[in-house]
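What follows is each chain in one-letter form.
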Amino acid sequence: MFLAATIQTKILNLLPQVLTYVFFCVALISILRGIRMLSKRYRMKHEGLHASCVVCHQKMNGQSVYFPVFSYTGANGQLFDIMGEDPFDSEEEALKAHRPPVYADERPDAAQELSSGLMYARPVMLMLLGCVFLGCMVLAMSMLPK
């Protein structure tokens, strides 16, 4: 009987410390995921797609022109390649090309039907959830034995 009470006391003394670590890890993961998601969506909206490779075409006069190819992964995990319409004189210029997201799969706000401003709601809510878990961590730290 005394042994069970001793084990229960040790578990109750260890529980706030374990909860502190768990809440900290969950808070850190959710805040970092929210920041990563927010930065990816911001970059996609303002910079667009980057050229991933180049296709070379020969003209009738023997001159080469380069077309950029934009690759992205769609909402279902499918890989899409879109060739740009504007020709470039060099391969380096073609690789620096950007293209605004046009199709629904490319856009970071494709899942949002009401407003494109709502595309920032999920990352912000994820970061707020991380702040809530940080508050829970502070509460668990206050329950630590002195």
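Report on the accompanying structure.

Calculation rules
Residues numbered from 1 in each chain as written. Predicted model: local features only at pLDDT ≥ 70, side-chain atom pairs only at ≥ 80, totals over all residues. Heavy atoms only, no water. Helix = DSSP H or I, 4+ residues; strand = E, 2+ residues; numbered from the N terminus. Buried < 20%, exposed > 50% of the residue type's maximum accessible area, 1.4 Å probe, protein only. Core = buried A, V, L, I, M, F, W, Y, C linked by side-chain atoms within 4.5 Å. Contact = heavy atoms within 4.5 Å. Patch = residues over 30% accessible without salt bridge, like charges linked within 9 Å, V, L, I, M, F, W, Y side chains within 5 Å. Areas by Shrake-Rupley, 256 points an atom, 1.4 Å probe, with all protein chains shown as cover. Salt bridge = Lys/Arg side-chain N within 4 Å of Asp/Glu carboxyl O. Lys, Arg positive; Asp, Glu negative; His and termini not counted. Charge placed at Lys NZ, Arg CZ, Asp CG, Glu CD. Expected span 1.5 Å × (residues − 1). Arc of directions from axis to C-beta. Phe/Tyr/Trp six-rings, centres within 6.5 Å; stacked < 30°, edge-to-face > 60°. Lys NZ or Arg CZ within 6 Å of the ring centre and 35° of its normal. Pairing = 2+ DSSP bridges.

Here we look at the overall build of the chain
Then, in step 1: Across its full length, the chain holds 3 helices and 4 strands.
Then, in step 2: The linear arrangement of helices and strands in the chain, starting from the amino end, is α-β-β-β-α-β-α.
Then, in step 3: Here the chain, with 146 residues, has 23% of them falling under the buried criterion.

Notes on the nonpolar core
Then, in step 1: Counting 6 residues, the largest nonpolar core consists of Leu 49, Ala 51, Phe 70, Tyr 72, Ile 82 and Ala 97.
Then, in step 2: Excluding its chain neighbours within four sequence positions, the residues that come into contact with Phe 70 are Leu 49, His 50, Ala 51, Ser 52, Phe 80, Asp 81, Ile 82, Gly 84, Ala 97, His 98 and Arg 99.

Examining the environment of Lys 96
Then, in step 1: Looking at the secondary structure, you find Lys 96 in the loop between helix 2 (91-95) and strand 4 (98-99).
Then, in step 2: Sequence-wise, Lys 96 and Ala 51 are 45 residues apart; in three dimensions their C-alpha atoms are separated by 6.6 Å.

Quick word on a positive patch on the surface
Then, in step 1: Positive charge collects at one region of the surface, where Arg 33, Arg 36, Lys 40, Arg 43 and Arg 122 lie side by side.
Then, in step 2: The element that contributes the greatest number of residues to the positive patch is helix 1 (residues 2-47), accounting for 4 residues.
Then, in step 3: For Lys 40, the location among the structural elements is in helix 1.
Then, in step 4: Accessibility expressed as a relative area gives 42% for Lys 40, which makes it partly exposed.

Focus: a nonpolar patch on the surface
Then, in step 1: A cluster of nonpolar residues, Leu 14, Val 18, Val 22 and Val 26, forms a patch on the protein surface that exposes about 290 Å² of accessible area.
Then, in step 2: Exposure remark for Val 22: the relative accessible area of 42% places this residue in the partly exposed category.

Topic: helix 3 (residues 121-142)
Then, in step 1: Taking 1.5 Å per residue as the helical rise, helix 3 with its 22 residues ought to reach 32 Å, and the 32 Å between its terminal C-alpha atoms agrees with that figure.
Then, in step 2: The set of residues buried in helix 3 consists of Pro 123, Met 127, Gly 130, Met 137 and Ala 140. Buried residues of helix 3 fall within an arc of 120° about the axis and therefore sit on the same side. Exposed and oriented more than 90 degrees from the buried face of helix 3 are Met 125, Val 138 and Leu 139.

Remarks on a negative patch on the surface
Then, in step 1: Together, Asp 89, Glu 91, Glu 92 and Glu 93 make up a negatively charged patch on the protein surface.
Then, in step 2: Note on placement: Asp 89 falls in the loop between strand 3 (79-83) and helix 2.

Points about the packing of aromatic side chains
Then, in step 1: Applying the stated rule across the entire model yields 1 aromatic pair.
Then, in step 2: Over the ring of Phe 70 we find Arg 99; its NZ or CZ atom is 5.9 Å from the centre of that ring.

Structural notes on the side chain of Ser 30
Then, in step 1: Its place among the elements puts Ser 30 in helix 1.
Then, in step 2: The exposure class assigned to Ser 30 is buried, which follows from its relative accessible area of 7%.

Some remarks on the pairing of strand 1 (residues 49-58)
Then, in step 1: Bridge count between strand 1 and strand 4: 2 bridges; the pairing is antiparallel. What sits directly across from Leu 49, in strand 4, is Arg 99.
Then, in step 2: The pairing of strand 1 with strand 2 (residues 64-73) spans 7 bridges and is classified as antiparallel. Bridged to Ala 51 within strand 2 is Phe 70.
Then, in step 3: Linkage of strand 1 to strand 2, two consecutive antiparallel strands, is achieved through a turn of 5 residues, within which Gly 62 is found at a positive phi near 90°.

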